[in-house]
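Notes for the structure review
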Amino acid sequence: MSKLFGFVAAALLTFAPAAPAFAQAAPGTTAAPAAQVPVVAQVTPPAAVSAPIGQPGPAAALGKIAGSQQLSLSLQILILMSLLTVLPSLILMMTSFTRIIIVLSILRQALGLQQTPPNQVLVGLAMFLSLFVMQPVLSQVNETALKPYNANQITLDEGISRAGVQFHKFMAAQTRKADVMMFTKLAKAQPVAKSEDIPFSILLPAFVTSELKTSFQIGFLIFLPFLIIDLIVASSLMSLGMMMLSPTIISMPFKLLLFVLVDGWALTMGSLASSFVR
């Protein structure tokens, strides 16, 4: 990352406009005589002096300035703040996080539990399960993009391109063809013969749409057994004439008992992880 910060700093210093040496006189006014202007001794900076042969010139001095600790720290803070605004969107839109968090939220509603597990626990479960599902993709990104870039074997652009290829493969494998065709028609683009040729501008919305559909399908299957318990409890209370008693209070212990007996958390996590295997 220090190489990246130094490169950006050098580019900013190179293309920054130089400050004017003297203020220009406004139109219609007369410049002050030379005698009225105080003479200030100017010291020419070492970088501005043309270096003799064999000594570092302005380019080398510019590289030293770009690599200074103060400028590098400022650029690190700037890039970090920019990444913090983009990172949540990348996690949601390019990984398995969307499907997992929706299924876990539907499961909590099916159990009749409003705040148990709390949102922080659900997000943590979805995050770590997403890391488990995305581990092969992240390993490929590390092997093909991150390690060669750190070893100065490839450029930054090539590293980003290689990482994008791995995420493209994952998203294309989880996206339905119907969703890809729909967004291709909306974009008025030509259909592609291979999934590798789908542009990210079409693949990203198609992937998110497919994830939403898949998560709701899984949630529907999870909801069915708990819905049957609710119907049985409601019918029993109606037949006993206990209409003033809430069926949720009676059905919740039976739901929890059923969920624990079938080892529901292991089944849910295993089913979610296996749903990404293609």
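Within any chain, residue numbers begin from 1 and follow the written order of that chain's sequence. Totals for whole chains, interfaces and linings use all residues, but because this is a predicted model, local features are given only for residues with pLDDT of at least 70 and pairs of side-chain atoms are given and counted only at 80 or more. Values reported for side chains reflect all heavy atoms of the structure, with hydrogen atoms and water molecules removed beforehand.

Here we look at the overall build of the protein chain
- Summing up its helical and strand segments, the protein chain has eleven helices and zero strands in all.
- Starting at the N terminus, helices and strands are each numbered in turn, a helix being any DSSP run of H or I of at least four residues and a strand any DSSP run of E of at least two. The N-to-C order of helical and strand elements in the protein chain reads α-α-α-α-α-α-α-α-α-α-α.
- By the convention used here, residues are in contact when the closest approach between their heavy atoms is within 4.5 Å. Relative to all contacts within the protein chain whose residues are 6 or more apart in sequence, the contacts with residues 24 or more apart total 72%.
- Element-wise, carbon and sulfur atoms account for 71% of the exposed surface of the protein chain, whose accessible area totals about 18800 Å². The method behind every accessible area is Shrake-Rupley, applied with a 1.4 Å probe, and residues are considered shielded solely by the protein chains displayed.

Focus: helix α11 (residues 264-274)
- Listing the buried residues of α11 in full gives Gly-264, Thr-268, Met-269, Leu-272 and Ala-273. Taken down its axis, α11 places every buried residue within 155° of arc, on the same side. A simple rule labels every residue: compare its accessible area, found with a 1.4 Å probe on the protein chains alone, to the largest value its type can have, and call it buried under 20%, exposed over 50%, or partly exposed in between. Picture the helix axis, draw a direction to every C-beta atom, and the arc is the one those directions span.

Digging into the packing of helix α6 (residues 135-150) against helix α7 (residues 156-174)
- Fitting a line to C-alpha atoms yields each axis, with helices limited to the stretch in contact; the angle taken between N-to-C directions then spans 0 to 180 degrees. Between α6 and α7, the least distance of the axes is 9 Å, while the angle of their chain directions is 170°. In terms of their interaxial angle, α6 and α7 are classed as roughly antiparallel. Contacts from Val-137, Leu-138, Gln-140, Val-141, Thr-144, Ala-145, Pro-148 and Tyr-149 in α6 reach Leu-156, Gly-159, Arg-162, Ala-163, Gln-166, Phe-167 and Phe-170 in α7.
- Broken down by class, the residue content of the contact of α6 with α7 amounts to ten nonpolar, four polar and one charged. Angles are sorted into four bins: roughly parallel if under 35 degrees, roughly antiparallel if over 145, roughly perpendicular if 65 to 115, and oblique for all others. When residues are sorted by character, Ala, Val, Leu, Ile, Met, Phe, Trp, Tyr, Cys and Pro go into the nonpolar class, Asp, Glu, Lys and Arg into the charged class, and all the rest, Gly among them, into the polar class.

Points about the pattern of salt bridges
- Should a side-chain nitrogen of Lys or Arg be within 4 Å of a carboxyl oxygen of Asp or Glu, the pair is scored as a salt bridge. Counted according to the given criterion, the structure contains four salt bridges.
- Between Lys-147 and Glu-143 there is a salt bridge whose closest N-O contact spans 3.1 Å. Residue Lys-147 and its partner Glu-143 are located together in helix α6, separated by four residues, close to a single helical turn.
- Close ionic contact of Lys-255 with Asp-230 constitutes a salt bridge, the shortest N to O distance being 2.9 Å. Taken as a pair, Lys-255 in helix α10 (residues 247-261) and Asp-230 in helix α9 (residues 200-239) lie far apart in primary sequence, 25 residues in all.
- Its relative accessible area of 24% is what places Asp-230 among the partly exposed residues.

Some thoughts on the side chain of Thr-268
- Structurally, Thr-268 is set in helix α11.
- Given a relative accessible area of 9%, Thr-268 falls into the buried group.
- Not counting chain neighbours up to four residues away, the residues in contact with Thr-268 comprise Leu-104, Leu-107 and Phe-259.

Examining unusual backbone geometry
- Non-glycine residue Lys-188 carries a positive phi angle of around 55°.
- Note that Lys-188 resides in the loop between α8 (177-186) and α9.
- The backbone phi angle of Asp-263 is positive, close to 55°, even though this residue is not glycine.

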